[in-house]
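Here is what each chain is made of, one letter per residue.
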Amino acid sequence: MPTIHLHATTTATPEQFVAALTDFGPGRSEIFGNSADGYLEVHDVGADHADVTEGSRGIWERLTYDWSDPHRVVLTTTDSNLWGGRSWHTYTLAPQPDGTTVVDVDVVREGKNLRGRLLGVVVGSVGKGVLTKAFEGTITAIEARNAGESGPPAA
């Protein structure tokens, strides 16, 4: 099973990152390029969990989100047209003394059919660059989303 590890440092706090990750409203695709609004279906949302279907470009998956730990968000695939039941994402958020947050993401993909297995091979090799670029875009979008939260700069 392909496993991809992504790593970045952001100016967003863990709380801000989790808030963006768990915002299932319209415009989600502006933060997460691989989550087209037309695929988004929210089945259930609680204080620290959600059941959501999302995807893009012909690929979808139903995920259980768990953010009961404020520094760790686990997304478990429960259904998909490509990915099997041992597919998941884990976001680990480590606040730093300088106010930044280190974000580590692990993605595991188990293809459940021929197309999924073939895409898994691609994701596990050349696809990491595509996922890295998408992750960098997500970091940039979350930082931009939070730029106005602290108010205007002091004069």
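Predicted, not measured: the structure shown is a model, and the values here were computed from it. (Residues numbered from 1 in each chain as written. Predicted model: local features only at pLDDT ≥ 70, side-chain atom pairs only at ≥ 80, totals over all residues. Heavy atoms only, no water.)

*Asks:* Looking at this structure, I do not really get the sheet that holds strand S7 (residues 101–108). What am I missing?
*Replies:* Within a sheet, each strand pairs with its neighbour through backbone hydrogen bonds, oriented either parallel or antiparallel. The seven strands lie next to each other as S1-S7-S6-S5-S4-S3-S2, forming an open sheet whose pairing is antiparallel. Across the chains shown, the open sheet's two edge strands, defined by having one partner strand only, are strand S1 (3–10) and strand S2 (41–45). Geometrically, the sheet is characterised by an average inter-axis angle of 20 degrees between neighbouring strands, direction not taken into account. Pairing of S1 with S7 involves eight bridges; the strand directions are antiparallel. Bridge assignment links isoleucine 4 to a residue of S7, and that residue is valine 107. Along the sheet face, helix H4 (residues 127–146) touches S1 and S7 and points at about 30 degrees away from the line of S1. (Pairing = 2+ DSSP bridges. Helix = DSSP H or I, 4+ residues; strand = E, 2+ residues; numbered from the N terminus. Axes fitted to C-alpha atoms, helices over the stretch in contact; angles between N-to-C directions. Contact = heavy atoms within 4.5 Å.)

*Asks:* Please explain the packing of helix H1 (residues 14–21) against H4 as it appears in this structure.
*Replies:* Helix-helix packing is characterised by the crossing angle of the two axes and by the distance between the axes. The interhelical angle for the contact between H1 and H4, taken along N-to-C directions, is 110 degrees, at an axis separation of 10 Å. On the basis of the axis angle, H1 is roughly perpendicular to H4. Residues Gln16, Phe17, Ala19 and Ala20 of H1 form the contact with H4, whose own contacting residues are Ile139, Ile142, Arg145 and Asn146. Considered class by class, the residues forming the contact of H1 with H4 number five nonpolar, two polar and one charged. (Parallel < 35°, antiparallel > 145°, perpendicular 65-115°, else oblique. Nonpolar A, V, L, I, M, F, W, Y, C, P; charged D, E, K, R; others polar.)

*Asks:* Which parts of the structure should I look at to understand the packing of aromatic side chains?
*Replies:* Each aromatic ring pair is characterised by the separation of its centres together with the angle its planes make. Tallying each qualifying case throughout the model produces two aromatic pairs. Seen in terms of ring centroids, phenylalanine 17 and tyrosine 91 are 5.9 Å apart; in terms of plane orientation they differ by 45 degrees. Their pairing is tilted. Of this pair, phenylalanine 17 sits in helix H1 while tyrosine 91 sits in strand S6 (residues 88–95), and the two are 74 residues apart along the sequence. Exposure remark for tyrosine 91: the relative accessible area of 9% places this residue in the buried category. Between phenylalanine 24 and tyrosine 65 the ring centres are 4.9 Å apart and the planes differ by 75 degrees, which places this aromatic pair in the edge-to-face class. With phenylalanine 24 in the loop between H1 and helix H2 (28–31) and tyrosine 65 in strand S4 (residues 59–69), this residue pair connects regions lying 41 residues apart in the sequence. Overall, phenylalanine 24 belongs to the buried group, its relative accessible area being 11%. (Phe/Tyr/Trp six-rings, centres within 6.5 Å; stacked < 30°, edge-to-face > 60°. Buried < 20%, exposed > 50% of the residue type's maximum accessible area, 1.4 Å probe, protein only.)

*Asks:* What exactly am I supposed to notice about the confidence of the model for the protein chain here?
*Replies:* For residues with low pLDDT, the predicted coordinates do not support detailed interpretation. Per-chain confidence: the protein chain averages 90 in pLDDT, with 95% of residues scoring 70 or above. Within the model, pLDDT remains below 50 along residues 151–155, and this stretch shows zero contacts once partners closer than five positions in the same chain are excluded. (pLDDT = per-residue confidence, 0-100.)

*Asks:* Explain the side chain of serine 80 to me, please; I cannot follow it from the model alone.
*Replies:* Along the polypeptide, serine 80 turns up in strand S5 (residues 72–80). Among the polar contacts made by the side chain of serine 80, one reaches the main-chain amide nitrogen of tryptophan 83 at a distance of 3.0 Å. (Polar contact = N/O pair within 3.5 Å; in protein donor to acceptor, adjacent residues only side chain to side chain.)

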